[in-house]
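Letter by letter, the chains look like this.
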Amino acid sequence: MVIKHRVRKKPAVASIAFVLVMFLLAPPAQAGLLDSLLSTVSSVTDPLIGSDGLLTGLIGKLSEDLQAVAGGPAGQQVQVIVQTYAPPDTNQLNLLQLLGGLLKTTYSSIPGYAATVPAGSLLQIASDSNVERISADSPVKAHLDIAYRAVRGDRAAALPGWWGSGLTGRGIGVALIDTGVQLHQDFKRPIGSKPIIEVEIVGHEPGLADYVGHGTHVAGILYGNGSASSDSLSFRTFKGFAPDAQLISVRALAPDGTGYTSDIIAGIDWVVKNARSYNIRVLNLSLGHPVYESYRTDPLCRAVAAAVRKGIVVVVAGGNDGRVGTGFGTITSPGNAPSAITVGAMDDLDTVPLDDDQLAGYSSKGPSLVDFVVKPDLVAPGTWIVSARAVGSWLDTQHHELTLAIGDYKKDPLHATQDGAYYSLSGTSMAAPMVAGAAVLMLQKDPTLTPATVKARLMKSAVKDNRLVFETGAGILDVYGAVNATGTAQDAASPFAMAGNDGFIYFQDTAVLWGSTWPQAAIWGVAKGSALGVTLTSVPSSITSGSAAIWGGNAGAQSIIENPAVTDSCAIWGGGRCSLTSTSGIVTGEAAVWGGDGAYRK
């Protein structure tokens, strides 16, 4: 059973027609509105001439990538997200249309709207006192049997929960913003069970749909019950972490797996608005785009933060750019949001024990560009993960070699060579839903947990390793450990890192940020980085005294000194934006990150 919701966007063309007709047919008493709007246009364009200070201030409202566009051809059409201090009113939206803009949608999780505008109108729009920030509507891209046992999901499933014996996610809603979900045998439930909810931000067809196959695979990790691999002939069962949860599939990526930030934010909007109706406590985002600006102004990061404030645990894939350069500084947005749980990927080498696990080469590494947030927060298996196959999807047809034969998991000689119900994919997209599934089980066991406490417990219970914190975060996911962890946190924002003028890298102590019950050794472990000669040390007062904005004046907080491969990445610490040939976006010039003038951020 499926319940479908269509999110209808404001028809921009119809809105323009309405405005023009209103102006032509309005009685004299209404002429003041037209005069007022035209006067506003004049008032925002005249001061731009001969006022360098004002012009600089307006340009400062534009994200870095838009600043270059603003100086280009005035008629060039640009897709933007405009963030406002208060929700935009009718006059502001009418003015947008007078300036040649086409409204796409408005938002509630963050005040503002998405639109297509002429480049020549960017500064006029920025001059509105209600406009806080204008960012490019950046393109985004979508980035188990052994893995399930490797992270002790089987042991966690046997624990009692709020809704009865066994932790299976019952009673908890988990939302997935992705390419959609195809109806799979592992997603079918008995009559009377809660159905899959499908929300259509893009695409409007009857029934469930996933033309890419990415969302179906991610949903299997979260929600699959293993039905297609659980009969008497099966010798491997591919089961998701929370098969009894309420799954909400928000289709916000196009049939080719790409999409726009504006559509992802529209999906987050829907999730926040309907969280109470479906008890949505967890949101999975196995997608992202390169970091172009600070998380403080990035509209996608802001939407994630708004969801967390509403009590929703947001789990984000860290990105698949670990092989670009040395991989440091390649975390994608919104993985750079401090309130999100950002997940990197491990290769479990098809074994249950963790002692042979390796960091997946593609897994993006921290710190985040611009803000230097310590990411990822933890890692989970992400390499060759077997999950639900979307038959006939792009992945299924273009990469059919990834499809498992029935003989790969069943003793069925007559059908052994036929296509099975699963395929295997790799990426942080596969690691993220494992953590999201763990969060669902934690909330089933104790529904009173806050997003901060869920994050802190996941990180504290992670299996500690000796890799760099920018590679594996707090360690490898341990689902059984997470559902049994204790301690509460009001805020679990990922800490900042800093390149000191002494040539070392430091990062904030979690005990200072989250509270005394969350010391650094408990979160990251005492051996973090020891394989590369990294040691714990106190931050010199000479560093913290000049960096109060980052450190809050907390001299002496324990930090990790990183290795030269990170320390020498001067452009990262200089605040250079991501400019890479990336699997998460089309960008250029590796030297923009790994070059620089050699100056450390002070």
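The structure we're discussing is the one just above.
Peer 1: Is there a simple way to think about empty space enclosed by the protein in this case?
Peer 2: One simple way to see leftover space: roll a probe sized like a water molecule over the atoms. Looking at the largest cavity, its volume works out to about 90 Å³. Lining the largest cavity are T84, P88, Q92, L95, L96, L99, Y113, Q124, I125, D128 and V131. When residues of the lining of the largest cavity are traced back to their parent elements, those giving at least two are α5 (90-98) and α6 (122-126). A per-element tally of the lining of the largest cavity places α5 first, with three residues. Split by residue class, the lining of the largest cavity holds seven nonpolar, three polar and one charged. Of the pockets and cavities examined, the second largest cavity occupies roughly 50 Å³. A per-class count over the lining of the second largest cavity returns three nonpolar, five polar and three charged.

Peer 1: Help me out: how do you make sense of the sheet that holds strand β18 (residues 403-405) in this one?
Peer 2: Strand order in this open sheet of three strands is β17-β19-β18, and the pairing throughout is antiparallel. Each of the sheet's edge strands pairs with one partner strand only, and the pair in question is β17 (385-388) and β18. In this sheet, adjacent strand axes meet at a mean angle of 45° when their direction is disregarded. Pairing between β18 and strand β19 (residues 419-425): two bridges, direction antiparallel. Looking at the pairing, A405 lines up with D419 of β19. Most of the contacts of helix α9 (residues 214-223) go to β17, to which it runs at about 100°, and overall it touches β17 and β19.

Peer 1: Explanation requested: the packing of aromatic side chains in the structure shown.
Peer 2: For any two aromatic rings, the description comes down to two numbers: the centre-to-centre distance and the angle of the planes. Counted under the stated rule, the structure contains eight aromatic pairs. Judged by centre distance (5.3 Å) and plane angle (85°), the rings of Y409 and Y422 are edge-to-face. A residue pair is termed long-range when its members are at least 10 positions apart, and Y409 in the loop between β18 and β19 and Y422 in strand β19 qualify at 13 residues. A relative accessible area of 3% places Y409 in the buried class. Taking 6.4 Å as the distance between ring centres and 70° as the angle between the ring planes, the aromatic pair formed by W514 and W518 counts as edge-to-face. A residue is classified by how much of its surface remains accessible, and W514, at 7% relative accessible area, is buried.

Peer 1: Looking at this structure, how should I read the environment of E198?
Peer 2: Looking at where E198 falls in the secondary structure, it is placed in strand β8 (residues 196-200). Linking E198 and I248, residues 50 residues apart in sequence, is a C-alpha distance of 6.0 Å. Polar contacts involving the side chain of E198 include one to the main-chain amide nitrogen of A209, which spans 3.4 Å.

Peer 1: So what exactly am I meant to see when it comes to the pattern of salt bridges here?
Peer 2: A side chain with one charge may pair with a side chain of the opposite charge, provided their charged atoms come close. Taken as a whole and judged by the stated rule, the model has 15 salt bridges. When the shortest N-O distance is used, the salt bridge between E132 and R302 registers 2.6 Å. In this structure R302 comes out as partly exposed when scored by relative accessible area, which is 21%. Across the salt bridge formed by D396 and R389, the nearest N and O atoms sit 2.8 Å from each other. Each member of the pair, D396 as well as R389, carries the same accessibility label: buried. Connected via shared salt-bridge partners are E198, E200 and R251.

Peer 1: Just checking my understanding: could you explain the packing of helix α10 (residues 261-273) against helix α12 (residues 299-309) for this structure?
Peer 2: The axes of two packed helices give the description: the angle between them and the distance between them. Their axes nearest at 10 Å, the elements α10 and α12 cross at an angle of 10°. As the angle between them shows, α10 and α12 are arranged roughly parallel. Between α10, through T261, I264, I265, I268 and V272, and α12, the contact on the second element is made entirely by P299, L300, A303, V304 and A307. Considering only residue class, the contact of α10 with α12 consists of nine nonpolar, one polar and no charged.

Reading the values: rules and limits
Residues numbered from 1 in each chain as written. Predicted model: local features only at pLDDT ≥ 70, side-chain atom pairs only at ≥ 80, totals over all residues. Heavy atoms only, no water. 1 Å grid on protein atoms, 1.4 Å probe; cavity = no way out; pocket = protein on both sides within 12 Å on 5 of 7 lines; lining within 4 Å. Points joined across faces, edges and corners; volume = space filled by probe spheres on them. Helix = DSSP H or I, 4+ residues; strand = E, 2+ residues; numbered from the N terminus. Nonpolar A, V, L, I, M, F, W, Y, C, P; charged D, E, K, R; others polar. Pairing = 2+ DSSP bridges. Axes fitted to C-alpha atoms, helices over the stretch in contact; angles between N-to-C directions. Contact = heavy atoms within 4.5 Å. Phe/Tyr/Trp six-rings, centres within 6.5 Å; stacked < 30°, edge-to-face > 60°. Buried < 20%, exposed > 50% of the residue type's maximum accessible area, 1.4 Å probe, protein only. Polar contact = N/O pair within 3.5 Å; in protein donor to acceptor, adjacent residues only side chain to side chain. Salt bridge = Lys/Arg side-chain N within 4 Å of Asp/Glu carboxyl O. Parallel < 35°, antiparallel > 145°, perpendicular 65-115°, else oblique.

Interpretation in functional terms is not warranted from these geometric data alone.
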